[in-house]
Structure formats: C-alpha cells, structure tokens
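# Fold and contact review
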Amino acid sequence: MSDGDCYRINAPAEGAWHLHSDHLAISIGGSWHFIAPTEGALLFDRAASQWLCFRSGWQAANVPDVPEGGSIIDAEARAVLLQLIESMQAIGVLPTGIP
C-alpha cells in the first residue's frame, strides 16, 4: 500500500472492510481511511473508464439502444443519436464498446 492509493469498496464488502461497503478507502500514513459517499457524489472509475454516481449505491449510466426498425426510418435522427452515444462514451459518461 502506498500513500494516496484509493479504492471504492464494492458492496457487499467482506473481511476487515465489511462495515465499509460503498465507501472510498484511501491510504494515508500507512493506514486506511474510509470516506462514506453522500447522495449525488461522482467518481471516475478508471478500470471501467466511466463516471459513477452515488444514489443509494454506486450507479453507472446505461447505453441506450440504437434505434432500428419501425414503420418510418429516420436515418438522420439515428445518426444524431449514435453521435450522442459516442460522444457520451468519449467523455466517460457511458461505457465504451457498445453499440
């Protein structure tokens, strides 16, 4: 452990960290310090390359389905929606690799 190491403790936490589910653990001076998240807190999960928001637990944005099918196909609207999804993925609001 190095000073400044920081981890999100996933629920359900086990072992010595069982009382700290959903907290952030930060290494300071050779010991772990725990920070409880507040409603609406945001953090960037480097492993998942996306933002998480705390709302009674850590939540990630879901990628909306790309429009397809139906009786009227609007190619321009689909292109704009796809660009929106790609833009949100580029800044980490939505996970990458989808669609």
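Bear in mind that the values here come from a model prediction, so they are computed numbers and not experimental data.

Thresholds applied
- Residues numbered from 1 in each chain as written.
- Predicted model: local features only at pLDDT ≥ 70, side-chain atom pairs only at ≥ 80, totals over all residues.
- Heavy atoms only, no water.
- Helix = DSSP H or I, 4+ residues; strand = E, 2+ residues; numbered from the N terminus.
- Rg over C-alpha atoms; globule rule 2.2 N^0.38 Å.
- Buried < 20%, exposed > 50% of the residue type's maximum accessible area, 1.4 Å probe, protein only.
- Pairing = 2+ DSSP bridges.
- Axes fitted to C-alpha atoms, helices over the stretch in contact; angles between N-to-C directions.
- Disulfide = S-S within 2.5 Å.
- Phe/Tyr/Trp six-rings, centres within 6.5 Å; stacked < 30°, edge-to-face > 60°.

### A word on the overall build of the protein
A count of helical and extended segments in the protein gives one helix and six strands. Going from N to C terminus, the protein has its helices and strands arranged as β-β-β-β-β-β-α. Taken against the 2.2 N^0.38 rule, which gives 13 Å for 99 residues, the C-alpha radius of gyration of the protein at 19 Å runs more than 25% over that of a compact globule. In terms of overall dimensions, the protein has C-alpha extents of about 60 × 25 × 20 Å along its principal axes. A buried classification covers 21% of the 99 residues belonging to the protein.

### A short note on the sheet that holds strand S1 (residues 6–8)
Sheet architecture is open: three strands sit in the order S1-S2-S3, paired in antiparallel fashion. The open sheet terminates on both sides in strands that have one partner only, identified here as S1 and strand S3 (31–35). Strand-to-strand twist of the sheet, defined as the mean angle between neighbouring strand axes without regard to direction, takes the value 25°. Bridge count between S1 and strand S2 (residues 24–28): three bridges; the pairing is antiparallel. Bridge pairing links Arg 8 to Leu 24 in S2.

### Points about the state of the cysteines
Here a disulfide denotes one covalent bond, and it connects the sulfur atoms of two cysteines. By the definition in use, this model includes zero disulfides. Among the cysteines around Cys 6, which has no disulfide bond, Cys 53 carries the closest sulfur, lying 17 Å off. On the basis of relative accessibility, which here comes to 11%, the residue Cys 53 falls in the buried class.

### What to know about the environment of Arg 55
Examined against the element boundaries, Arg 55 turns out to sit in the loop between strand S5 (50–54) and strand S6 (58–60). Residue classification places Arg 55 among the exposed positions, given a relative accessible area of 54%.

### With respect to the packing of aromatic side chains
The full count for this structure, using the stated rule, is five aromatic pairs. Considering the side-chain rings of Trp 17 and Trp 32, the 5.4 Å spacing of their centres and the 70° angle between planes classify their relative orientation as edge-to-face. Residue Trp 17 is located in the loop between S1 and S2, and its partner Trp 32 is located in strand S3; the two are separated by 15 residues in the primary sequence. The class for Trp 17 is partly exposed, based on a relative accessible area of 26%. On the basis of relative accessible area, Trp 32 is assigned to the partly exposed category, the value being 25%. Between Phe 44 and Trp 51, the aromatic rings sit 5.3 Å apart at their centres with planes inclined by 65°, giving edge-to-face as the arrangement. Residue classification places Phe 44 among the partly exposed residues on the basis of a relative accessible area of 37%. We classify Trp 51 as partly exposed; its relative accessible area is 38%. Following the ring pairs from residue to residue traces out a cluster consisting of Tyr 7, Trp 17, Trp 32 and Phe 34.

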